[in-house]
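One letter stands for each residue in the lines below.
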Amino acid sequence: MALLGIKLEVRNAAIGGIPSFPYGWCMPEFLGYDADLISWDHSMNEAGDLVGGLEAYVRHGIQMEHQPLIFVKDTHMATKRR
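Residues numbered from 1 in each chain as written. Predicted model: local features only at pLDDT ≥ 70, side-chain atom pairs only at ≥ 80, totals over all residues. Heavy atoms only, no water.

S.K.: What's the story with the pattern of salt bridges in this structure? I'm lost.
M.R.: Should the charged atoms of two oppositely charged side chains come close, the side chains can pair. Counting across every chain of the model gives three salt bridges. In this structure, Glu9 and Arg11 form a salt bridge, with 2.9 Å as the shortest nitrogen-oxygen distance. The exposure class assigned to Arg11 is partly exposed, which follows from its relative accessible area of 41%. With a shortest N-O distance of 2.7 Å, Glu55 and Arg59 are connected by a salt bridge. (Salt bridge = Lys/Arg side-chain N within 4 Å of Asp/Glu carboxyl O. Buried < 20%, exposed > 50% of the residue type's maximum accessible area, 1.4 Å probe, protein only.)

S.K.: I would appreciate a short explanation of the environment of Glu29 in the present structure.
M.R.: In this fold, Glu29 is placed in helix α2 (residues 27-31). By relative accessible area, Glu29 is classed as exposed at 53%. Polar side-chain contacts of Glu29 include one of 2.8 Å to the side chain of Tyr33. (Helix = DSSP H or I, 4+ residues; strand = E, 2+ residues; numbered from the N terminus. Polar contact = N/O pair within 3.5 Å; in protein donor to acceptor, adjacent residues only side chain to side chain.)

Structural data, given as structure tokens:
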């Protein structure tokens, strides 16, 4: 990225096996106040297709200072690959 004149900083704030609640309410503290992109693996942490925590995560994400791009991985309905 330096060759392109782009400064790239990656912050891995992964915390395994936790649901969106209560962490969806504390995203700036976990991800930083200046995040440009955030992601969440919804299916890994929200058993039974519960969407309330995900909704909170997205709502709080779009309220962050830089309004980061949000990627959500949701594979609870995915079929296994052959």
